[in-house]
Structures are given as C-alpha cells and as structure tokens.
Amino acid sequence: MSFSTLPDLILEPMIRAALMEDLGTYGDVTTRAVIPPATTYDAAINAREPGVVSGMQVAEIAFRLVDPALEIETLVPDGTPVLPGTTLMRIRGRAASILSGERVALNFAGRLSGIATLTAAFVAETKGTATRITCTRKTTPGLRLVEKQAVLHGGGFNHRYSLSDAILIKDNHIAAAGGVKAVLEAAQAVASHMMKVEIEVDTLEQLAIVLDVGGADNVLLDNMDTPMLAKAVELTAGKVVLEASGNMKLGRVAEVAATGVDYISSGALTHSAKTLDLGLDF
C-alpha cells in the first residue's frame, strides 16, 4: 500500500454518509420503479477531459457498499494522468446497484480528480527547483481526508491535517499573546521533541526576531512579494524551513519557486479546484 492509499476502513464512514444522504429515507425510487431487479449490465467510468485521476479507491468503496456482489475493476490507479476517453473503471452486475451508487462515486471521483489535476499543474511550475507544493486546511468540511489524499495524487505534499498536528503560530496568535518573542518562548516551554513549531511572519523585521529568539522549525512567509521572499531566503541561509503562502496562484508559482523557498502552500488546491468531468456510461 502506497502512502497515498488509505485503508478502506478509514474511508468507509465518509462514503457511507454520502450514500445515505443520496439514497434518502426510501432509497432509489426511480431505479426500483423502472429497472427489473434481475437486470445486469456492464458500465464504465470514463474521463471526458484530460487530468490526473484521484478518487478511484473511493468510487470502488461506494459501489461495494451499495452492493458487495458487484464486480469492479479499476483500470487506472489514483495519481495517473489521463486523456479524454480513457476508461478508468469497469463495474459489472445488477444495473440497479450501479445506478444507485453512480452519483456518489462520480461526485467523489470528479471532485478529487480536479484537486489532483490542479495540484499537478502547480507542481509542474516548480520544475528545476527543490520547492514543494503543499495544501492547507482550507478544505471542504468533512472531506479533508480525501481532499488531502488527492493533493498527494497530484504530486503535492500535505500540510498539517488538523489543529492538533503541530504548533502553527499565526498573526492573530502573535497579536493576542504579546509579540513574536513571547509566543516563541511560550511554544518552546510546552512543545515536545515530536511537535514541530511553525510561525507566520509578514515582514523581514519579524523574521529577524524569529531567527534571533530561535525555537521555530519552520517559518511561514505570509503575503510577501517575490523580492521580499528572495531576501528572506538569503537571511535564513537554510537555518529554518521556509513556506511561502498567500496569493499563491498558478501563474505566480514559478517565480516564487525560483526564490529558493522550501514550500509553497496554497488553499486554492482544495477550495478552488474545478471538478474533472468524468462520466459513467452503460
């Protein structure tokens, strides 16, 4: 199992909830009304535009939860670039079961493939540099797990999953706690050897204080212009990991990566990705 594949058991509750939402209180009344129970069919999920695939594992779970007897063959694994017309998955068995699981499977697969596709476009802009692309916590409520997984499928990296993963001191923490020095000293007093500390700065003066006080593993450079980012890289000289964030749109990625920052984080990967057009065809 690769790092970007999760145990089905972890994903099932999310997918089950989506199926319950779609099936409602009385199930798929249309299918029950017009499709004879014994009808079987071969169906396929096909790509209708180019992109990077994600959500095949999720789609397979959705169909199996509806009907464990369905025969499902994933032809294109998550993380694979595809062209229009590529068949991603084949589903064989009761037509009623396939139709009842179709929308949930496609909703997940299209949404997640869109995230993987946008992530891959960001990653392509870093070619020739050591800069990595990472996501944020700006995810769809309840779907963070699979959306962050889709970032991995697109070649990106994951930031912290939740508030409990790392100490990330933002501007509002600094304002409320009395300044950069105060928050770093407070973090140093409680952080274990397993807990990373990151602090956000928006000026080079703040960065200088961070370097002087110490205690930060990573520094988030927030909404800095490109020359300022380059200066920050020069000032830190590799002492801490630098993450550029804020206004990180696709067209700007290449010039930011060229400054030498270690990471570029973008909420757009998950909150602004266009759903990839996938269809289920009988």
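The rules we used
- Residues numbered from 1 in each chain as written.
- Predicted model: local features only at pLDDT ≥ 70, side-chain atom pairs only at ≥ 80, totals over all residues.
- Heavy atoms only, no water.
- Helix = DSSP H or I, 4+ residues; strand = E, 2+ residues; numbered from the N terminus.
- Buried < 20%, exposed > 50% of the residue type's maximum accessible area, 1.4 Å probe, protein only.
- Contact = heavy atoms within 4.5 Å.
- Areas by Shrake-Rupley, 256 points an atom, 1.4 Å probe, with all protein chains shown as cover.
- Lys, Arg positive; Asp, Glu negative; His and termini not counted.
- Charge placed at Lys NZ, Arg CZ, Asp CG, Glu CD.
- Phe/Tyr/Trp six-rings, centres within 6.5 Å; stacked < 30°, edge-to-face > 60°.
- Lys NZ or Arg CZ within 6 Å of the ring centre and 35° of its normal.
- Core = buried A, V, L, I, M, F, W, Y, C linked by side-chain atoms within 4.5 Å.
- Salt bridge = Lys/Arg side-chain N within 4 Å of Asp/Glu carboxyl O.
- Pairing = 2+ DSSP bridges.
- Axes fitted to C-alpha atoms, helices over the stretch in contact; angles between N-to-C directions.
- Arc of directions from axis to C-beta.

1. Quick notes on the overall build of the protein
No. 1: In terms of regular secondary structure, the protein is built from eleven helices and twelve strands.
No. 2: Here the C-alpha coordinates of the protein stretch approximately 75 × 40 × 30 Å along the principal axes.
No. 3: Every one of the 282 residues in the protein was classed for burial, and the buried ones make up 46%.
No. 4: Of the contacts formed within the protein by residues at least 6 apart in sequence, a portion of 69% connects residues at least 24 apart.
No. 5: Accessible area for the protein stands at about 13700 Å²; split by element, carbon and sulfur atoms hold 56% of it.
No. 6: If you average the places of the 24 positive and of the 32 negative side-chain charges in the protein, the two averages end up 1 Å apart.

2. Considering the packing of aromatic side chains
No. 1: Under the criterion given, the structure shown has one aromatic pair.
No. 2: Sitting above the plane of the Tyr-26 ring, Arg-32 keeps its charged end 4.5 Å from the centroid.

3. A few points about the nonpolar core
Soluble, globular proteins show a tendency: their nonpolar side chains are buried together.
No. 1: Counting residues in hydrophobic clusters, the biggest one holds 69 residues, and the most contacted among them are Ile-45, Phe-63, Leu-88, Ile-91, Ile-199, Val-219 and Leu-221.
No. 2: If one sorts the elements of this core by residue count, helix 4 (residues 95-124) sits on top with ten residues.
No. 3: Contacts of Ile-45, omitting those with residues within four sequence positions, involve Phe-63, Thr-86, Thr-87, Leu-88, Met-89, Ile-91, Leu-106, Leu-278, Gly-279 and Leu-280.

4. Re the pattern of salt bridges
No. 1: Within the structure shown, the criterion is met by ten salt bridges.
No. 2: Residues Glu-73 and Arg-92 are paired through a salt bridge, measuring 3.6 Å at the closest nitrogen-oxygen approach. Taken as a pair, Glu-73 in strand 3 (residues 71-74) and Arg-92 in strand 5 (residues 87-94) lie far apart in primary sequence, 19 residues in all.
No. 3: Note that Lys-181 is salt-bridged to Glu-185, the shortest N-O span being 2.5 Å. Note that Lys-181 and Glu-185 are positioned in helix 7 (residues 180-190) at a spacing of four residues, about one turn of the helix.
No. 4: Residue classification places Lys-181 among the partly exposed positions, given a relative accessible area of 45%.

5. Some details on the sheet that holds strand 1 (residues 40-47)
No. 1: Overall, antiparallel pairing links the four strands, which are arranged 3-5-1-12 in an open sheet. Looking along the sheet, the strands with just one partner apiece sit at the ends: strand 3 and strand 12 (278-281). Between one strand axis and the next, the sheet turns by 15° as a mean value, whatever way the strands run.
No. 2: Two elements, strand 3 and strand 5, share four bridges in a ladder whose sense is antiparallel. From the neighbouring strand, Ile-72 faces strand 5, where its bridge partner is Ile-91.
No. 3: Across the sheet, helix 3 (residues 56-66) touches strand 1, strand 3, strand 5 and strand 12, and the angle it forms with strand 5 is around 5°.

6. Observations concerning the sheet that holds strand 8 (residues 197-201)
No. 1: Read across the open sheet, the six strands follow the order 6-11-10-9-8-7; overall the sheet is parallel. Two strands in the sheet have a free side with no partner beyond their single neighbour: strand 6 (132-134) and strand 7 (167-169). The sheet shows a mean angle of 25° between the axes of neighbouring strands, direction not considered.
No. 2: Pairing of strand 7 with strand 8 involves three bridges; the strand directions are parallel. Along strand 8, the bridge assignment pairs Ile-169 with Ile-199.

7. Focus on unusual backbone geometry
No. 1: Of note in this structure, Ala-237 is not a glycine but carries a positive phi near 50°.
No. 2: In this fold, Ala-237 is placed in the loop between helix 9 (226-236) and strand 10 (241-245).
No. 3: For Ala-237, a relative accessible area of 56% translates into the label exposed.
No. 4: Positive phi, close to 60°, is recorded for Asn-247, a residue that is not glycine.
No. 5: Take Asn-247: it is sitting in the loop between strand 10 and helix 10 (253-257).
No. 6: Residue Asn-247 is classed as partly exposed on the basis of its relative accessible area of 48%.

8. Here we look at helix 8 (residues 204-213)
No. 1: Listed as buried for helix 8 are Gln-206, Leu-207 and Val-210. Each buried residue of helix 8 sits inside an arc of 100° when the element is viewed along its axis, so together they form one side. Exposed positions of helix 8 whose direction lies more than 90 degrees from the buried face are Glu-205 and Asp-212.
No. 2: Buried residues belonging to helix 8 abut helix 7, strand 8, strand 9 (218-222) and helix 9.
No. 3: Following helix 8 by one or two positions, Gly-214 adopts a phi angle in the positive range, close to 80°.

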